[in-house]
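An overview of the molecular structure
One-letter residues, chain by chain:
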Amino acid sequence: MNKHMRSFLNTAGALALSFSVVTGPALAFEPDKPVEFVIMAGQGGGADKMARLIQSIIEKENLASRPLIPVNKPGGSGAEALTYMNSVSDPDHTVMVTLNSFFTTPLRQPGLGVDIMKFAPVGRMAEDTFLLWVHKDEGIKTFEEFVTAAKDRGRGWVMGGTGKAAEDEIITDYLNNNYDLQIKYVPYKGGGEVAKQLAGRQITSSVNNPSEALGFYQSGDLIPLVAFTAERLPLFPEVPTLKEVGGDFVYSMQRAVVGPPGMSKEALAYYTELFKKAYDTADWQTYKTKQSLMGSFMAGDNLSKYWSEQLVRHEAILKASGAIK
């Protein structure tokens, strides 16, 4: 090799090394400590189960170099989690699993100073579904029988749900307003507790997600009467939709992962890729099917647009029910 060729290769190698040093680490992000995985609901509910499953999938598939640590913050129908995320000290090492209280709680409590449109749109993993459940000992087999029984008992009929003025109470308000009912709503910190209360007959009905009530359904304790979905759920093919029995209300809940305001673009890109990988695993797809979860993965600008649309819809729902002015 002549000296000119040797000089050229040395220069090219130095430039390549310089380029990799400058551009590689400067553009990439990877957590250098455990990542806090906030859950804006209590243990045993759909959000909690989802978060802990995703954590286990990421660990099983070795998708991340640092572990995700689940932390439940269920207070105030998500207010505790939202205010925590809004001012978290390390936005690049914190993510959160959301419910629809992500929309409703800031609308109901403007004093929180939370603007969800400033949160980082990491990824929507699914949309969860709702069914109306009663205990088998009620002897009720149809939605029509439910309406009759609930009307007869007035405030003596108790619906348990997760949080105040969130998903479950929104559905309860719809039933009260459209079927001349006076169902009393009692909030709990998580859907798992709601299902236990119904199985123990401490409440009269619930609108649990499938994942929350499935164990008691399989044991024969709880009976689903109607689904608040556009089409019948494959897991419950015998259960009619509300539309089939004369209603006109479809409602679902986002199961999304968000980052705090202030999360860097590099960290957002990292977490979006991480949760998309988890979404694509066989374990997550099997869970989606078994739990009647709907919807595809959504991130970035598309997820932000979805949030904007959901804010408008939930503002209208809450105003119609009198929850906000």
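This write-up is about the structure you can find in this document. (Residues numbered from 1 in each chain as written. Predicted model: local features only at pLDDT ≥ 70, side-chain atom pairs only at ≥ 80, totals over all residues. Heavy atoms only, no water.)

1. Points about the nonpolar core
Rules: Each nonpolar core is a collection of buried residues, namely Ala, Val, Leu, Ile, Met, Phe, Trp, Tyr and Cys, held together in the definition by side-chain atoms within 4.5 Å. When accessible area is computed with a 1.4 Å probe and restricted to protein chains, residues below 20% of their type maximum are described as buried, those above 50% as exposed, and intermediate ones as partly exposed. Note on contacts: a residue pair qualifies if any of its non-hydrogen atoms lie within 4.5 Å across the two residues.
Core analysis: the largest hydrophobic core is formed by 80 residues, its most contacted members being F146, Y271 and F275. The residues touching Y271, leaving out its near neighbours within four places in the chain, are F29, P31, V35, D92, H93, V95, V122 and M263. Ranked by size, the runner-up nonpolar core spans 13 residues in total, among them L131, V158, L198 and V239.

2. Here we look at unusual backbone geometry
Our working rule: Strands are runs of DSSP state E lasting at least two residues, helices are runs of H or I lasting at least four, and both sets are numbered from the N terminus onward.
The phi torsion at R201 lies on the positive side, around 60°, for a residue other than glycine. Looking at the element boundaries, R201 is found in the loop between α7 (191-199) and β8 (205-206). Look at S292: it is not a glycine, yet its phi comes out positive at around 60°. Mapping S292 onto the fold places it in the loop between α10 (282-290) and α11 (300-321).

3. Some thoughts on the pattern of salt bridges
To keep things clear, this is the line we draw: Counted as salt bridges are all cases of a side-chain nitrogen of Lys or Arg within 4 Å of a carboxyl oxygen of Asp or Glu.
On inspection of all chains with the given rule, the structure shows 13 salt bridges. R153 serves as the salt-bridge partner of E138, at 2.7 Å between the closest nitrogen and oxygen. Of the two residues, E138 is situated in the loop between β5 (131-135) and α5 (143-153) and R153 in helix α5; the sequence distance between them amounts to 15 residues. The class of R153 is partly exposed, set by a relative accessible area of 39%.

4. Some words on empty space enclosed by the protein
Rules: Buriedness for pockets is judged along seven lines, at least five of which must meet protein on both sides within 12 Å for an open set on the 1 Å grid over protein atoms alone, while cavities are sets there where a 1.4 Å probe fits but cannot get out, and lining residues have an atom within 4 Å of a point. Grid points are joined across faces, edges and corners, and a volume is the space filled by probe spheres set on the points. Residues are grouped as follows: Ala, Val, Leu, Ile, Met, Phe, Trp, Tyr, Cys and Pro are nonpolar; Asp, Glu, Lys and Arg are charged; every other residue, Gly included, is polar.
Taken as a whole and assessed by the stated rule, the structure comprises one cavity of 30 Å³ or more. Looking at the largest cavity, it is lined by 15 residues, and the ones nearest its centre are L99, T162, N209, E212 and M253. If you list the elements that add at least two residues to the lining of the largest cavity, you get α2 (46-60) and α6 (167-179). When residues of the lining of the largest cavity are assigned to their parent elements, the largest contribution, three residues, is made by α2. Its residues placed into classes, the lining of the largest cavity shows five nonpolar, six polar and four charged.

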